[in-house]
Amino acid sequence: AQSVTQLDSQVPVFEEAPVELRCNYSSSVSVYLFWYVQYPNQGLQLLLKYLSGSTLVESINGFEAEFNKSQTSFHLRKPSVHISDTAEYFCAVILPGGRRALTFGSGTRLQVQP
Amino acid sequence: GAGVSQSPSNKVTEKGKDVELRCDPISGHTALYWYRQSLGQGLEFLIYFQGNSAPDKSGLPSDRFSAERTGGSVSTLTIQRTQQEDSAVYLCASSSARGGEVGQFFGPGTRLTVL
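Residues numbered from 1 in each chain as written. Chains lettered and ligands numbered in written order. Predicted model: local features only at pLDDT ≥ 70, side-chain atom pairs only at ≥ 80, totals over all residues. Heavy atoms only, no water.

Caption draft 1: Up close: the sheet that holds strand β1 (residues 5-7) of chain B. All names here are of chain B. In space, the four strands of this open sheet follow the order β1-β3-β7-β6, with antiparallel pairing throughout. In this open sheet, the two edge strands, each paired with only one partner strand, are β1 and β6 (65-69). Taking each pair of neighbouring strands and ignoring which way they run, the sheet shows an average axis angle of 15°. The pairing of β6 with strand β7 (residues 75-79) spans five bridges and is antiparallel. Across the sheet, Ser66 pairs through a bridge with Thr78, a residue of β7. (Pairing = 2+ DSSP bridges. Helix = DSSP H or I, 4+ residues; strand = E, 2+ residues; numbered from the N terminus. Axes fitted to C-alpha atoms, helices over the stretch in contact; angles between N-to-C directions.)

Caption draft 2: The arrangement of the environment of Val12 of chain B in detail. All names here are of chain B. Mapped onto the secondary structure, Val12 falls in strand β2 (residues 10-13). In this structure Val12 comes out as exposed when scored by relative accessible area, which is 55%. Val12 sits 75 residues away from Ser87 along the chain, and the two C-alpha atoms are 9.1 Å apart. Setting aside residues up to four positions removed in sequence, Val12 forms contacts with Thr113 and Leu115. (Buried < 20%, exposed > 50% of the residue type's maximum accessible area, 1.4 Å probe, protein only. Contact = heavy atoms within 4.5 Å.)

Caption draft 3: Representation of the state of the cysteines within the structure. The tally for this structure, following the rule as stated, stands at two disulfides over all chains. The residue that forms a disulfide with Cys23 of chain A is Cys91 of chain A, at a sulfur-sulfur distance of 1.9 Å. The sign of the -65° torsion about the S-S bond sets the Cys23 of chain A-Cys91 of chain A disulfide as left-handed. Of the two residues, Cys23 of chain A sits in the loop between β3 (19-21) and β4 (24-26) while Cys91 of chain A sits in strand β10 (residues 87-94), which places them 68 residues apart along the sequence. Residue Cys23 of chain B pairs covalently with Cys92 of chain B via a disulfide, S to S 1.8 Å. Residues Cys23 of chain B and Cys92 of chain B are joined through a disulfide that is left-handed, its torsion about the S-S bond being -65°. Of this pair, Cys23 of chain B sits in strand β3 (residues 19-24) while Cys92 of chain B sits in strand β8 (residues 88-95), placing them 69 residues apart in sequence. Among the residues examined, Cys23 of chain B registers a relative accessible area of 0% and is labelled buried. (Disulfide = S-S within 2.5 Å.)

Caption draft 4: Inspection of unusual backbone geometry at higher detail. For the bond running from Ser7 of chain B to Pro8 of chain B, omega is -10°, close enough to zero to count as cis. Tracing the backbone shows Pro8 of chain B in the loop between β1 and β2. In this structure, Thr72 of chain A takes a positive phi of about 45° despite not being glycine. Within the secondary structure, Thr72 of chain A sits in the loop between β8 (64-68) and β9 (73-78).

Okay, here's the thing in structure tokens:
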């Protein structure tokens, strides 16, 4: 079975600073990888995904994530964060061809301070 | 509508009562999922419907939990004889026929509080 580990439960950072939210997964086969964001009092929104091809994927609001097969990681990065990026971020995987449900990490709360 | 909708947004019930939570998926989405989000357990898969296939119930925590999907669209999650540990936000998601590989779209959730 696959699992997802987000080592950092909270990441405080100052506005305009860079940030990296870490995600590692455990699976004996290839998986599809996702980052979801949950803003305060809102539902989950898909931020970006990796299915195949280029290992670097980008979102429309400046986030990017890189799939690293050898390290089984899918870390999320942004070179300069805004106050509005304050939210909880969830890494998730799907096993292709298997159960189609997402397996989520425990989440990382990004707190952007002025 | 444009997105996944869920009702009610909040539900407070007494221990031992039955509750029904409703999900309206995005029109045309054949796959529907229920998840639960709680402080202690994080985000957990509950059940998955795909078209007319038998649902994947492997995530349901007990036989007090059941779900159905009528006409391939609206779904209802039923919790019988609610317990305090059932308190959580219940999330519904839908996706296109590729089984969620292109991304699942989530509703706003139903916050269930069992007193």
